[in-house]
Amino acid sequence: MKKILAIDDQQLILLSLEKHLTDLGYTIKCASDGQTGLELFETFQPDIVIVDINMDGMSGLEVIKNIRQEKKSDVKILVMSGNTDEDTIIDGFDLGIDDYMKKPLSLNEISARIARIFGIKSEKLLDKSSKGQMLQRHCVGVVIPCYNEEKRLLSKEFIDFTHSNLGYHLCFVNDGSTDNTLEVLKKLSEGREDNISVYNCAKNGGKGEAVRQGVLHLAKDPQLDYIGYLDADLSTDLQDFDDLVKTIESSTFKIVSGSRMSRMGANITKESIREIISKTINLIIRNILGMSFNDTQCGAKIMDREIVNEVFREKFITKWLFDVEIFMKMRKHYGKEKAISYICEQPLKRWIHADGSKLSMKDSIKIVGQLAQIAYYYNFKVKSNAT
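Residues numbered from 1 in each chain as written. Predicted model: local features only at pLDDT ≥ 70, side-chain atom pairs only at ≥ 80, totals over all residues. Heavy atoms only, no water.

**Some words on the overall build of the chain**
Move 1: In terms of regular secondary structure, the chain is built from 14 helices and 15 strands.
Move 2: Here the chain holds 387 residues, and the buried ones make up 51% of them.
Move 3: Surface exposure of the chain reaches about 18100 Å², of which carbon and sulfur atoms provide 50%. (Helix = DSSP H or I, 4+ residues; strand = E, 2+ residues; numbered from the N terminus. Buried < 20%, exposed > 50% of the residue type's maximum accessible area, 1.4 Å probe, protein only. Areas by Shrake-Rupley, 256 points an atom, 1.4 Å probe, with all protein chains shown as cover.)

**Describing the nonpolar core**
Move 1: Grouped together as the largest cluster of nonpolar side chains are 63 residues, with contacts concentrated most on Leu-21, Ile-50, Met-80, Ile-110, Ile-114, Phe-312 and Ile-326.
Move 2: Of all the elements, helix α12 (residues 322–334) adds the most residues to this core, at six residues.
Move 3: Residues in contact with Met-80, not counting those within four places in the same chain, are Asp-8, Ile-13, Leu-17, Ile-50, Val-51, Asp-52, Met-101, Lys-103, Leu-105, Ile-110 and Leu-135.
Move 4: Counting residues in hydrophobic clusters, the runner-up holds 29 residues, among them Leu-153, Val-245, Ala-300 and Ile-302. (Core = buried A, V, L, I, M, F, W, Y, C linked by side-chain atoms within 4.5 Å. Contact = heavy atoms within 4.5 Å.)

**Quick word on the packing of helix α3 (residues 60–70) against helix α4 (residues 86–95)**
For any two helices packed against each other, the geometry comes down to the angle between their axes and how far apart the axes lie.
Move 1: At a closest axis distance of 9 Å, the pairing of α3 and α4 adopts a crossing angle of 15 degrees. One way to sum up the angle between α3 and α4 is to call them roughly parallel. For the pair α3 and α4, the crossing hand works out as left-handed. Where α3 abuts α4, its residues Leu-61, Ile-64, Lys-65, Arg-68 and Gln-69 lie against Thr-88, Asp-91, Gly-92 and Leu-95.
Move 2: Per-class residue counts for the contact of α3 with α4 are three nonpolar, three polar and three charged. (Axes fitted to C-alpha atoms, helices over the stretch in contact; angles between N-to-C directions. Parallel < 35°, antiparallel > 145°, perpendicular 65-115°, else oblique. Left-handed = near helix turned anticlockwise from the far one by under 90°. Nonpolar A, V, L, I, M, F, W, Y, C, P; charged D, E, K, R; others polar.)

**A word on the sheet that holds strand β2 (residues 27–31)**
Move 1: On the basis of which strands lie adjacent, the open sheet formed by five strands has the order β2-β1-β3-β4-β5 and parallel pairing. The sheet is open, and its two edges are formed by β2 and β5 (99–102), each paired on a single side. Ignoring strand direction, the axes of neighbouring strands in this sheet form an average angle of 20 degrees.
Move 2: With five bridges joining them, strand β1 (residues 3–7) and β2 adopt parallel strand pairing. For Ala-6, the partnering residue across the bridge sits in β2 and is Cys-30. (Pairing = 2+ DSSP bridges.)

**Some details on the pattern of salt bridges**
Note that side chains of opposite charge can pair when their charged atoms are close.
Move 1: If you walk through the whole model with that rule in mind, you get 19 salt bridges.
Move 2: Across the salt bridge formed by Arg-68 and Asp-98, the nearest N and O atoms sit 3.3 Å from each other. Residue Arg-68 is found in helix α3, and its partner Asp-98 is found in the loop between α4 and β5; the two are separated by 30 residues along the sequence.
Move 3: By relative accessible area, which is 16% here, Arg-68 ends up buried. (Salt bridge = Lys/Arg side-chain N within 4 Å of Asp/Glu carboxyl O.)

**Things to note about the packing of helix α1 (residues 11–23) against helix α5 (residues 107–118)**
Move 1: Their axes nearest at 11 Å, the elements α1 and α5 cross at an angle of 55 degrees. Comparing the axis directions of α1 and α5 gives the class oblique. Read as a crossing pair, α1 and α5 show a hand that is right-handed. Every residue of α5 that contacts α1 at Ser-16, Leu-17, His-20 and Leu-21 is listed here: Leu-107, Asn-108, Ile-110, Ser-111 and Ile-114.
Move 2: Class assignment of the residues belonging to the contact of α1 with α5 gives a composition of five nonpolar, four polar and no charged.

**Describing a negative patch on the surface**
Move 1: A cluster of acidic residues, Asp-85, Glu-86, Asp-87, Asp-91 and Asp-94, forms a negative patch at the surface.
Move 2: Summarising the element assignment, Asp-87 is placed in helix α4. (Patch = residues over 30% accessible without salt bridge, like charges linked within 9 Å, V, L, I, M, F, W, Y side chains within 5 Å. Lys, Arg positive; Asp, Glu negative; His and termini not counted. Charge placed at Lys NZ, Arg CZ, Asp CG, Glu CD.)

**Topic: helix α2 (residues 34–44)**
Move 1: Among the residues of α2, those classed as buried are Gly-34, Gly-37, Leu-38, Leu-40, Phe-41 and Phe-44. Relative to the axis of α2, the buried residues are bounded by an arc of 160 degrees and lie together on one face.
Move 2: In the core, the buried residues of α2 are packed alongside β1, β2, β3 (48–51) and α3.
Move 3: Capping of α2 at its N-terminal end is provided by Asp-33; its side-chain oxygen lies 3.2 Å from the backbone amide nitrogen of Gln-35.
Move 4: At the exit of α2 stands Gln-45, carrying a positive phi of roughly 50 degrees. (Arc of directions from axis to C-beta. Polar contact = N/O pair within 3.5 Å; in protein donor to acceptor, adjacent residues only side chain to side chain.)

Written out as structure tokens, the structure reads:
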């Protein structure tokens, strides 16, 4: 029985890899940091080492250097990393690695590469149940606020997504629901706790507070590179959200926000009256922010974890317009020009208005008053408090 040592500082990745390779008959041990990995290397004596490059503390390249130069071992070493920098890859091969696997990649591709090294026909090791399962480039936490979603929560879509996209963790926040939403969410997470969790707010605090509580909860998990939020009704679907993640992964943006822009090639459906109201409110928002946003209120955003504390530490002052407040806080913290360079609006391929929306037309009138409240608070009160 071949032995494999996997070293990666992201548990979501390690757990998926461990289960997959164990199911294929390998003996596998895992380490969440380089130093522990080297200690396991001595006692476990693996046939193959799989190591990530970008780890806190000791990097993957340092682990490889230690194995090759200090321990004088010729054990087979495979790198599995989201780092696609050409110089880093060359450094790895110069140190004596046997393969470099770039994330995202499928579990079955990993199996095939391991089989090649062991001289085993790869088709004997393909796991049909793992078909399409991809290890993501980064680990991503997604907050999904829920208030009385018992009858319209699309559980299957969420389960299928986490099954195929390994590295995602969905955190459903129950915002003091008065129906059986909490029980539905608990059933959804049962047996899937590594990828789906439930955070319960005993009292209803509104969407903004539910998102804030969920984001701060996820921020306690150091393995998450990015944290975002998404509406429970999947008006924006999960694949569109994954496209937002791909954009932030390959850029210097700190926020990538979905935008429901009607255009050819996209399926963007709104009620006509809502569209008129939305455009009117957006014009006011643009004047308040001093930024040319097309759609601040889209319920799909992904953020670099480094801005989470600054943006979500304090409660939002409005019930529905916390998205606007996020951008106001970015402007206050970084300054207008730098904030604009850090925020990207990305058009969605699909957005469908879902029946049962909690925001009525009457509520829309209240939004104008809340916008005035935001303008006063962030442009005058916060400034005077700071001085």
